[in-house]
Amino acid sequence: MDLVFRLTYNPVTWKYSAKYAYPLQTRRLERDRTVFLDAGYETDPPLGLPLEPSDEPDRPSIQLYHSIATQSDIGGKHVLEVGCGHGGGASYLTRYLNPASYTGLDLNGRGIDFCRRAHPVPGLSFLQGTAQDLPFPDASFDAVINVESSHCYPDFPGFLREVDRVLVDGGVFLYMDLRKRKHVAEWEAQLAESPLTIVAGREINDEILRGLDTMWSSPATQERFERHTPVFLRRLTRGVAGAPGHGLHRAVQNGDMSYRMYHLSKNVTG
């Protein structure tokens, strides 16, 4: 897992992944209309969200987004998602939770083009841009969402300052990511030292493992993986993608990796 983490979850490789790896991933997956690139989430007993039949195949990923976003009420709010990937979470949250507007931002230009084609949802828009220099005026949004993305950013404290800048007073940052266990204390210190206030935070390893197990038990997941992944890359890719018995899944299971979910808020100034 150390090699997988260094290659994939490392700020040093962030700009190269954005320029080459992420657009290549989009090119491989857009033909299947793969709209989620994140881990899954499941509770015990099962969360059991009511979903339309067309959304049911993506239940584990949808439940992750739902659990993050419903830490606060985003209904009627102006929402920004930083690192929106292929837009599946943005589409779900816009259609089911009824924000006033939802903007998905990602560094991957090809991914943004795909999002615009795949998700013609009223109130939902997509923009290419960087998390390190958000292309919006101060106090533009009531809520910022960030899912399993910030571990790649070159300057995480700088990203938190940007989130604080674009939030209105009292706005919320709804956030989930992962870190190696030995870096959790540093991660939490960076959050505590940011301009934002931590309202709630917890580890969600058990829920992530159930979600990954559900995803990988699907024949559709197995078939898609084998169709899009060259044979010589399958071992590495299984590790990165959380397949049971491989890198990331093992690291979460044995506690070497920690997934955590947070609700932070921007202080109201005088």
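Residues numbered from 1 in each chain as written. Predicted model: local features only at pLDDT ≥ 70, side-chain atom pairs only at ≥ 80, totals over all residues. Heavy atoms only, no water.

Caption draft 1: Highlighting the overall build of the protein chain. Across its full length, the protein chain carries eleven helices and seven strands. If you line up the protein chain on its principal axes, its C-alpha atoms span 60 × 40 × 40 Å. Taking all 270 residues of the protein chain together, 51% fall into the buried category. (Helix = DSSP H or I, 4+ residues; strand = E, 2+ residues; numbered from the N terminus. Buried < 20%, exposed > 50% of the residue type's maximum accessible area, 1.4 Å probe, protein only.)

Caption draft 2: Molecular detail of the pattern of salt bridges. One pass over the structure, following the stated rule, counts ten salt bridges. Between Glu162 and Arg165 there is a salt bridge; the shortest N-O distance is 2.9 Å. Residue Glu162 and its partner Arg165 are both found in helix 6 (residues 156–166); the two are separated by three residues, about one turn of the helix. A relative accessible area of 21% places Arg165 in the partly exposed class. Among the ionic pairs, Arg202 bridges to Glu207, the shortest N-O distance being 3.4 Å. Taken together, the shared-partner salt bridges in this structure form one network comprising Asp138, Glu162 and Arg165. (Salt bridge = Lys/Arg side-chain N within 4 Å of Asp/Glu carboxyl O.)

Caption draft 3: Just the sheet that holds strand 1 (residues 78–82), in detail. Taken together, the seven strands give an open sheet; going across it, the order is 3-2-1-4-5-7-6, and neighbouring strands pair in mixed fashion. Because the sheet does not close on itself, it has two edges, and the strands there are strand 3 (124–128) and strand 6 (196–203). Direction aside, the axes of adjacent strands within the sheet are offset by 15° on average. Where strand 5 (residues 167–180) meets strand 7 (residues 257–266), nine bridges bridge the pair, whose relative direction is antiparallel. Looking at the pairing, Phe173 lines up with Leu264 of strand 7. Along the sheet face, helix 4 (residues 88–97) touches strand 1, strand 2 (101–106), strand 3 and strand 4 (141–147) and points at about 155° away from the line of strand 3. (Pairing = 2+ DSSP bridges. Axes fitted to C-alpha atoms, helices over the stretch in contact; angles between N-to-C directions. Contact = heavy atoms within 4.5 Å.)

Caption draft 4: Representation of the pairing of strand 4 in the model. Of all the seven residues making up strand 4, six are buried; the element is thus mostly covered by neighbouring parts of the structure. Sheet analysis places strand 4 next to strand 5, joined by six bridges and oriented parallel. Looking across to strand 5, one finds that Val147 is bridged to Met176. In this view, the connection linking strand 4 to its parallel neighbour strand 5 by way of helix 6 has right-handed handedness. (Right-handed = clockwise from strand over helix to strand, strands pointing away.)

Caption draft 5: Spatial organisation of the side chain of Ser91. Relative to the helices and strands, Ser91 is located in helix 4. Accessibility expressed as a relative area gives 6% for Ser91, which makes it buried. A distance of 2.9 Å separates the side chain of Ser91 from the side chain of Arg95, its partner in a polar contact. (Polar contact = N/O pair within 3.5 Å; in protein donor to acceptor, adjacent residues only side chain to side chain.)

Caption draft 6: Layout of the packing of helix 3 (residues 59–69) against helix 4. Between helix 3 and helix 4, the shortest axis-to-axis distance is 10 Å and the interhelical angle comes to 60°. For the element pair helix 3 / helix 4, the angle class is oblique. Two packed elements cross with a definite hand, and for helix 3 against helix 4 that hand is right-handed. Across from Ile62, Tyr65, His66 and Ala69 in helix 3, the residues of helix 4 making contact are Gly89, Ala90, Tyr92, Leu93 and Leu97. Class assignment of the residues belonging to the contact of helix 3 with helix 4 gives a composition of seven nonpolar, two polar and no charged. (Parallel < 35°, antiparallel > 145°, perpendicular 65-115°, else oblique. Left-handed = near helix turned anticlockwise from the far one by under 90°. Nonpolar A, V, L, I, M, F, W, Y, C, P; charged D, E, K, R; others polar.)

Caption draft 7: Summary view of unusual backbone geometry. Omega for the peptide link from Asp44 to Pro45 comes to 5°, which places this bond in the cis form. Structurally, Pro45 is set in the loop between helix 2 (14–29) and helix 3. A positive phi angle is found at Asn98, which is not glycine, with a value near 60°. Looking at where Asn98 falls in the secondary structure, it is placed in the loop between helix 4 and strand 2. Positioned with a positive phi, Ala139 is a non-glycine residue whose angle comes to about 55°. Overall, Ala139 belongs to the partly exposed group, its relative accessible area being 44%.

Caption draft 8: Region of interest: a nonpolar patch on the surface. Taken together, the side chains of Phe232, Leu233 and Leu236 present a nonpolar region at the surface, about 300 Å² in accessible area. Secondary-structure assignment places Phe232 in the loop between helix 9 (219–228) and helix 10 (234–241). (Patch = residues over 30% accessible without salt bridge, like charges linked within 9 Å, V, L, I, M, F, W, Y side chains within 5 Å. Areas by Shrake-Rupley, 256 points an atom, 1.4 Å probe, with all protein chains shown as cover.)

Caption draft 9: Local environment of the nonpolar core. Ranked by internal contacts, the top residues of the largest apolar core, which has 47 residues, are Leu64, Leu93, Ile145, Met176, Ile204 and Tyr259. Once residues within four sequence positions are removed from consideration, Ile145 is found in contact with Ala69, Val79, Leu80, Glu81, Val82, Leu93, Tyr102 and Leu174. Ranked by size, the runner-up nonpolar core spans 23 residues in total, among them Ala131, Leu134, Phe136 and Leu167. (Core = buried A, V, L, I, M, F, W, Y, C linked by side-chain atoms within 4.5 Å.)

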